Amino acid sequence: MFEGEMASLTAILKTGTVKVPRPIRVLDAPGGGSVLVMEHLDMRSLSSHAAKLGTQLADLHLENKKRGERLLKEASTVGKGGEQVDQIFVDQFGFDVVTCCGYLPQVNDWQKDWVVFYARQRIQPQLDMVEKESGDREALELWSALQLKIPDLFRDLEITPALLHGDLWGGNVAEDSSGPIIFDPASFYGHSEYELAIAGMFGGFSGSFYSAYHSKIPKAPGFEKRLKLYQLFHYLNHWNHFGSGYRGSSLNIMRNLIK
């Protein structure tokens, strides 16, 4: 868990887009378990820097795409310099290490196809856990039907892998005197829209945050339906963490998307 968090913080830090606590080291704790040591930041609740967070989050999501465009431009330039060897364009979806959303590990194996990645490596493992725990037949039947509908939600949509925080709810954002801060990430390269799913579920983000974000990354056709699809992961994840109180929300999303 901590190694995944450290890798996530390191990846976000390297983009130079939005502030995170600088990770220092994962240590074995004397009494067992582990400790993640990171920079201390004097944080307070996000308020005056909400719009700035929207702008910086969009910059984070666009960074890999811009890197790809830059490398293409350099490749077509005679006598290009090799000073950006560490800036590798990521053309697949996934992450180099396992990360945890809550305490549950996420499958981050690299995939070329985002729809395959999301269905197989985000939703399916969650439903496997539901089946193992409760054998919920209705959930499995709805998922079988929904899988056939998912490709339609992505028709004519070109998705460039974006580095995501991965668990951006109101409890994982803050600010200090210099601006916004995000922490406790579960990063991977995915679809930028995925980031906004949990942000919209539990509040904590103002209209100025969304306005600033969408001024840089406008909503694509079908955005609202895909947002529901992405919220499905988080409701299932909460079901597996906290119990069947989240069953109804999970099933309702699947029913509505199947219509």
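Check the entry above for the structure.
Computed from a predicted model, the values in this text were never measured in an experiment. (Residues numbered from 1 in each chain as written. Predicted model: local features only at pLDDT ≥ 70, side-chain atom pairs only at ≥ 80, totals over all residues. Heavy atoms only, no water.)

1. Comments concerning the pattern of salt bridges
Part 1 of the reasoning: Enumeration according to the criterion identifies eleven salt bridges in this entry.
Part 2 of the reasoning: D91 is paired through a salt bridge with K112; the nearest N and O atoms lie 3.1 Å apart. One end of the pair, D91, is in the loop between helix 2 (50-75) and strand 3 (99-101); the other, K112, is in the loop between strand 4 (104-106) and helix 3 (114-134), with 21 residues separating them in the sequence.
Part 3 of the reasoning: For K112, a relative accessible area of 58% gives the class exposed.
Part 4 of the reasoning: Two residues, D136 and R247, come together in a salt bridge whose shortest N-O distance is 2.5 Å. Of this pair, D136 sits in the loop between helix 3 and helix 4 (137-149) while R247 sits in helix 8 (residues 247-258); the two residues are 111 residues apart in sequence, bridging distant segments of the chain.
Part 5 of the reasoning: Ionic contacts of the salt-bridge type, sharing partners, join the residues D136, E138, R247 and R255 into one network. (Salt bridge = Lys/Arg side-chain N within 4 Å of Asp/Glu carboxyl O. Helix = DSSP H or I, 4+ residues; strand = E, 2+ residues; numbered from the N terminus. Buried < 20%, exposed > 50% of the residue type's maximum accessible area, 1.4 Å probe, protein only.)

2. Quick word on the state of the cysteines
In protein structure, a disulfide is the covalent linkage between the sulfur atoms of two cysteines.
Part 1 of the reasoning: For the coordinates displayed, the defined rule picks out zero disulfides.
Part 2 of the reasoning: The structure places no disulfide on C100, whose sulfur is separated from the nearest cysteine sulfur, that of C101, by 9.0 Å.
Part 3 of the reasoning: A relative accessible area of 15% means that C100 is categorised as buried. (Disulfide = S-S within 2.5 Å.)

3. Details of the packing of helix 7 (residues 223-242) against helix 8
Part 1 of the reasoning: Running from N to C, helix 7 and helix 8 cross one another at 155°; their axes reach a closest spacing of 8 Å. Considered as vectors, helix 7 and helix 8 are oriented roughly antiparallel to each other. Handedness of the helix 7/helix 8 crossing: left-handed. Where helix 7 abuts helix 8, its residues K225, K228, L229, Q231, L232, Y235, L236 and W239 lie against R247, S249, S250, L251, I253, M254 and L257.
Part 2 of the reasoning: Residues belonging to the contact of helix 7 with helix 8 are distributed by class as follows: nine nonpolar, three polar and three charged. (Axes fitted to C-alpha atoms, helices over the stretch in contact; angles between N-to-C directions. Parallel < 35°, antiparallel > 145°, perpendicular 65-115°, else oblique. Left-handed = near helix turned anticlockwise from the far one by under 90°. Contact = heavy atoms within 4.5 Å. Nonpolar A, V, L, I, M, F, W, Y, C, P; charged D, E, K, R; others polar.)

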